[in-house]
Amino acid sequence: MCGIVGLHLRNPELHPRLGELLGQMLGEMQDRGADSAGIAIYGDPTWSPAGHGCVSLLETGVEAAELDAATAAVGAELGSEVTAQLVDDTLVLAAADVDAETLLTAVTSVYPEALVAGFGADLTVLKGVGAPRDLVQSWGLPSASGWQGVGHTRMATESAVTSSGAHPFAVGPEQCLVHNGSFSNHATIRRELRAEGVSFDSENDTEVGARFVAHQLAQGKDVETALKEVCTTFDGFYTLLVSNHDSFAVVRDAIACKPAVIAETDDWVAMASEYRALANLPGVENARIWEPEPEVVYAWTR
Ligand SMILES: NC(=O)CC[C@H](N)C(=O)O
């Protein structure tokens, strides 16, 4: 198994409720993947303030008492002021008027061994090992706000139960990908991407999918084209939810044996592995609800 949830909010009045709603959705999917979990939040004013470059970092070894030293070290490397907070195990860094890739370069030179969980103008990615409902509380997710969120509960099939194996895989700017299923030819595609200079953080099959999509987007392709390329390149089983700075997209493999349901109202678009994760969303009783067809890319833009 594995559980996927995603919520793209169209109505700004709902933005303050993003974390509360996503946290409930993720909690409903705990029994599909109790090993580990992760979330991507777009637009929270505390974690990723407007106009800031943001980087989410795991495995830094930084403790709460060392945050000032961390901001000083990254600030010195960057040449401008940096803020940092520890959200459970994730070090969330932000810098005003700096693009996220510039901040990322400074951060990775100070913490070369750390795991980059995500980066972007508007994006925070938190991941951890443990029960998803406990992680939701440790992250303080119910108080988060924003315009889009993605979450995943993992039951590992392809690599160890570690933070680096937890989803989302957020390997390109503002990008995030979560997966239910397993890619059977990921080793081949990993070799091909490596030959093109792509490097990897884990042995996970989903990371290969995320790096493939990021590679396509970096070549200028749009999300729909990149996901159609996924369908022609990857073998195995997959329901994927892919988000970006302005988009939210779902695709399933040709057999579509991994469950997925999409619901849409004027106020939001939501996706989950099972309907029960959507059942408490405001206005769901009037939503258009359907099961995504095999190899059809469903994409929404802001
Ligand atoms: N159960 C799943 O869907 C697992 C997803 C992916 N293959 C992983 O191991 O992370």
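Residues numbered from 1 in each chain as written. Predicted model: local features only at pLDDT ≥ 70, side-chain atom pairs only at ≥ 80, totals over all residues. Heavy atoms only, no water.

Glancing now at the overall build of the chain. Across its full length, the chain holds 7 helices and 15 strands. The C-alpha atoms of the chain give a radius of gyration of 18 Å, which matches the 19 Å a tight globule of 302 residues would have. Overall, the chain is about 50 × 45 × 35 Å in size when its C-alpha atoms are taken along their principal axes. Buried residues in the chain amount to 59% of all 302 residues. Of the roughly 11,600 Å² of accessible surface on the chain, a fraction of 48% belongs to carbon and sulfur atoms. Of the side-chain charges in the chain, 17 are positive and 42 negative, and the distance between the mean point of each set is 8 Å. (Helix = DSSP H or I, 4+ residues; strand = E, 2+ residues; numbered from the N terminus. Rg over C-alpha atoms; globule rule 2.2 N^0.38 Å. Buried < 20%, exposed > 50% of the residue type's maximum accessible area, 1.4 Å probe, protein only. Areas by Shrake-Rupley, 256 points an atom, 1.4 Å probe, with all protein chains shown as cover. Lys, Arg positive; Asp, Glu negative; His and termini not counted. Charge placed at Lys NZ, Arg CZ, Asp CG, Glu CD.)

Residue pairs spaced three or four apart in an α-helix point in one direction, given the helix's 3.6 residues per turn. Taking 1.5 Å per residue, 14 residues should reach 20 Å; helix H6 (residues 205-218) reaches 20 Å between its end C-alpha atoms and fits that length. Measuring from the side-chain oxygen of the N-cap residue of H6 to the backbone nitrogen of Thr206 gives 2.6 Å; that N-cap residue is Asn204. Backbone geometry just downstream of H6 places Gly220 in the positive-phi region, at approximately 95 degrees. (Expected span 1.5 Å × (residues − 1). Polar contact = N/O pair within 3.5 Å; in protein donor to acceptor, adjacent residues only side chain to side chain.)

With that settled, the discussion passes to the pairing of strand S8 (residues 148-154). The buried fraction of S8 amounts to 7 of the 7 residues, a majority that puts the element mostly inside the structure. The pairing of strand S1 (residues 3-9) with S8 spans 6 bridges and is antiparallel. Considered in S8, the bridge of Ile4 is made with His152. (Pairing = 2+ DSSP bridges.)

Right, let's get into the domain arrangement of the chain. Split into domains, the chain comes out as domain 1 (3-48 + 135-301) and domain 2 (49-121). Measuring from the centre of the C-alpha atoms in domain 1 to the corresponding centre in domain 2 gives 24 Å. Listed by partner, the interface residues are 16 residues for domain 1 and 17 residues for domain 2. Of the roughly 1,300 Å² buried at the junction of domain 1 and domain 2 (both faces included), carbon and sulfur atoms supply 56%. (Domains from an automatic or database assignment. Contact = heavy atoms within 4.5 Å. Buried area = accessible area lost by both parts, 1.4 Å probe.)

To continue, consider the pattern of salt bridges. Two side chains with opposite charge may pair up if their charged atoms get near one another. Using the criterion set out here, one finds 11 salt bridges in the structure. The partner of Arg17 in a salt bridge is Glu20, and the shortest N-O contact between them spans 2.9 Å. With relative accessibility at 31%, the residue Arg17 sits in the partly exposed group. Across the salt bridge formed by Asp122 and Arg302, the nearest N and O atoms sit 4.0 Å from each other. Of this pair, Asp122 sits in the loop between strand S6 (115-120) and strand S7 (123-129) while Arg302 sits in the segment after strand S15 (298-301), placing them 180 residues apart in sequence. For Asp122, a relative accessible area of 17% gives the class buried. If you follow the salt bridges from partner to partner, you end up with Glu28, Asp31, Arg32, Glu274 and Arg276 in one network. (Salt bridge = Lys/Arg side-chain N within 4 Å of Asp/Glu carboxyl O.)

Quick look at the UniProt feature "domain: Glutamine amidotransferase type-2" (unreviewed entry) in the chain now. The positions UniProt marks with the feature "domain: Glutamine amidotransferase type-2" (unreviewed entry) are residues 2-302. Within residues 2-302, the helical portion is 26% and the strand portion 30%, while the C-alpha atoms at the span's ends are 27 Å from each other. (UniProt positions renumbered as here; feature names shortened; annotations may be inferred.)

Now for helix H5 (residues 186-195). Taken together, the buried positions of H5 are His186, Ile189, Arg190 and Leu193. Along the long axis of H5, the arc covered by the buried residues comes to 105 degrees, so they all point the same way. Away from the buried face of H5 by more than 90 degrees, exposed residues Arg191 and Ala195 are located. In this structure, the buried side of H5 is in contact with strand S9 (176-183), H6 and helix H7 (223-233). Gly197 lies just past H5 and shows a positive phi near 95 degrees. (Arc of directions from axis to C-beta.)

Before going further, it helps to examine the environment of Glu77. With respect to the helices and strands, the residue Glu77 is situated in helix H2 (residues 67-78). When the C-alpha positions of Glu77 and Ser109 are compared, they lie 8.0 Å apart, and in sequence the two are 32 residues distant. In this structure, Glu77 is in contact with Ala106, Ser109 and Val110, ignoring residues within four places of it in sequence.

All right, on to the site of the ligand then. The local shell around the ligand holds 14 residues, among which Met1, Cys2, Arg154, Thr157 and Gly181 are the closest. A distance of 2.6 Å is found between an oxygen atom of the ligand and a side-chain nitrogen or oxygen belonging to Arg154. Between the ligand and Glu158 there is a distance of 3.2 Å, counted from an oxygen atom to a backbone nitrogen or oxygen. In isolation the ligand exposes 300 Å². Once the protein is present, 99% of that is buried. Of all the secondary structure elements, the ones that give two or more residues to the shell around the ligand are S9 and H6. (Near = heavy atom within 4 Å.)

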